[in-house]
Amino acid sequence: MRSGILRHTTATIAITAIAAVLAACSPESAETAKEKLPRKEVASPEEQTTSPKVAPTRSAAELARDQYRHPAETLMFFEVDPGHTVVELWPGGGWYTAILAPYLKNNGQLIAAHFPADSEVGFFQKSRAAFNKRFLLQPEIYGNIYVTELAPPQKLTIAQAGEADRVLTFRNVHNWMRNRQEQAVFDEAFRVLKQGGILGVVEHRAPDSFSREKMVETGYVTESYVTQLAINAGFVPAGHSEINANPKDSRDHAHGVWSLPPTLRGGDVNRSEFLAIGESDRMTLKFRKP
């Protein structure tokens, strides 16, 4: 009985801490704190000269997506504590980084397994440069983020073995499927997690009838496929949540998941319809390393 009360109390404290971060993450907020660790990556001179001294922790556009992405509830489901070492896989522009980094900066450590800085893919280069400029130059807001590089199969070491308490990925599995590297990434997540550590996955959810080719084409992946990847890597399923479900999403769009916001790849074609749907229907899955 006492263990149940303790778990409930710990969860309450954690959700309060996440909620506090979200409340502070307004365009007007710039809460500061002293640096905890030496910076592990230094931005280029060009980035240093062009970066503002103070920037909002989250933009208005990012805040507007909370209604679809439910960050506090999602991070609570993944049991993320402020003292954890968390690896975020392919953070892109840093939507979740802007929440995780302030949450972890005083007592934990965020490791961003990002695109390689020297990638031959233009989008990857720009995304990584923008991430560096925003997050690495402002440790007083975001803490000291340790950046590693993930570009399977060439670059696959995202952290040290057994270093992480949590590995999290948000809407990335379909990207790794394009060059058949999804299993390699799940295997690496297993390697870097501590015993008892959790892999948290949020991904666009496909109907069970979708083939692998259809998943790659549309960006929607079946829960069974993601679960099998995790089991193959050695994980044990530890629960699933409907936090990020969207029953309005038919998963049948001309441009796949990219028809919906925030991408809206179809432009003005059916734009109002897609805006009414909102962001995609998503699975939220939790796997534990035994």
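Model, not experiment: these values are computed from the prediction.

(A) Representation of the layout of surface pockets in the model. Size it by volume and the largest pocket reaches roughly 1,000 Å³. Taken together, 40 residues form the lining of the largest pocket, with Phe115, Phe123, Arg171, Asn172 and Asn175 sitting closest to its centre. Elements with a contribution of two residues or more to the lining of the largest pocket: helix 3 (60–64), strand 1 (85–89), helix 7 (122–136) and helix 9 (173–177). For the lining of the largest pocket, a count of residues per class yields 20 nonpolar, 13 polar and seven charged.

(B) Up close: the side chain of Ser127. Inspection of the secondary structure assignment puts Ser127 in helix 7. A residue is classified by how much of its surface remains accessible, and Ser127, at 11% relative accessible area, is buried.

(C) Structural context of the environment of Ala98. By the element assignment, Ala98 lies in helix 6 (residues 97–104). With relative accessibility at 0%, the residue Ala98 sits in the buried group.

(D) A look at the pattern of salt bridges. All told, the structure shown has 16 salt bridges when counted by the stated rule. Two residues, Glu182 and Arg212, come together in a salt bridge whose shortest N-O distance is 2.8 Å. You can see Glu182 sitting in helix 10 (residues 182–192) and its partner Arg212 sitting in helix 11 (residues 212–218), a full 30 residues away along the chain. Considered together, Glu182 and Arg212 belong to a single accessibility category, that of buried residues. Between Arg191 and Glu188 there is a salt bridge whose closest N-O contact spans 2.8 Å.

(E) Just the packing of aromatic side chains, in detail. For the structure shown, the criterion picks out twelve aromatic pairs. Against the face of Phe210 rests Lys214, its NZ or CZ located 5.7 Å from the ring centre. For the cation-ring pair, Lys286 lies above Phe77, with the distance from its terminal atom to the ring centre recorded as 4.3 Å.

(F) Structural view of the sheet that holds strand 6 (residues 236–241). Spatially, seven strands are ordered 3-2-1-4-5-7-6 in an open sheet, and the strand pairing comes out mixed. Every interior strand has two partners, whereas the edge strands, strand 3 (146–149) and strand 6, have only one. Strand after strand, the sheet turns through a mean of 20° between neighbouring axes, direction not considered. Pairing between strand 1 and strand 2 (residues 109–114): five bridges, direction parallel. Residue Thr85 lies in a different strand from strand 2, and its bridge partner there is Gln109. Lying on the sheet, helix 12 (residues 223–233) is in contact with strand 5 (193–204), strand 6 and strand 7 (282–288); it crosses strand 7 at an angle near 20°.

(G) Quick peek at the nonpolar core. In terms of nonpolar packing, the biggest core is built from 41 residues, with Val87, Leu89, Val167, Phe186, Leu199 and Val226 touching the most fellow members. If we ignore the near neighbours within four places in the chain, the residues touching Leu89 are Ala113, Leu150, Ile158, Val167, Leu168, Thr169, Asn172, Trp176 and Val185. Core analysis: the second largest hydrophobic core is formed by 28 residues, Leu75, Phe77, Ala98 and Leu110 among them.

(H) Representation of the pairing of strand 5 within the structure. In terms of residue burial, strand 5 counts as a mostly covered element, since nine of its twelve residues are buried. Sheet topology places strand 4 (residues 164–170) next to strand 5; six bridges connect them, and they run parallel. If you follow Leu168 over to strand 5, its bridge partner there is Gly200. Pairing of strand 5 with strand 7 involves seven bridges; the strand directions are antiparallel.

(I) Representation of the environment of Val185 in the model. In this structure, Val185 sits in helix 10. Considering only alpha carbons, one finds Val185 and Leu229, 44 residues apart in sequence, at a separation of 9.4 Å.

(J) Structural detail: helix 12. Turning to helix 12, its buried residues are Val226, Leu229, Ala230 and Ala233. Axial view of helix 12: buried residues confined to an arc of 95°, hence all on one face. Residues of helix 12 that are buried make contact with helix 9, helix 10, strand 5 and strand 7.

Scoring rules and cut-offs
Residues numbered from 1 in each chain as written. Predicted model: local features only at pLDDT ≥ 70, side-chain atom pairs only at ≥ 80, totals over all residues. Heavy atoms only, no water. 1 Å grid on protein atoms, 1.4 Å probe; cavity = no way out; pocket = protein on both sides within 12 Å on 5 of 7 lines; lining within 4 Å. Points joined across faces, edges and corners; volume = space filled by probe spheres on them. Helix = DSSP H or I, 4+ residues; strand = E, 2+ residues; numbered from the N terminus. Nonpolar A, V, L, I, M, F, W, Y, C, P; charged D, E, K, R; others polar. Buried < 20%, exposed > 50% of the residue type's maximum accessible area, 1.4 Å probe, protein only. Salt bridge = Lys/Arg side-chain N within 4 Å of Asp/Glu carboxyl O. Phe/Tyr/Trp six-rings, centres within 6.5 Å; stacked < 30°, edge-to-face > 60°. Lys NZ or Arg CZ within 6 Å of the ring centre and 35° of its normal. Pairing = 2+ DSSP bridges. Axes fitted to C-alpha atoms, helices over the stretch in contact; angles between N-to-C directions. Contact = heavy atoms within 4.5 Å. Core = buried A, V, L, I, M, F, W, Y, C linked by side-chain atoms within 4.5 Å. Arc of directions from axis to C-beta.

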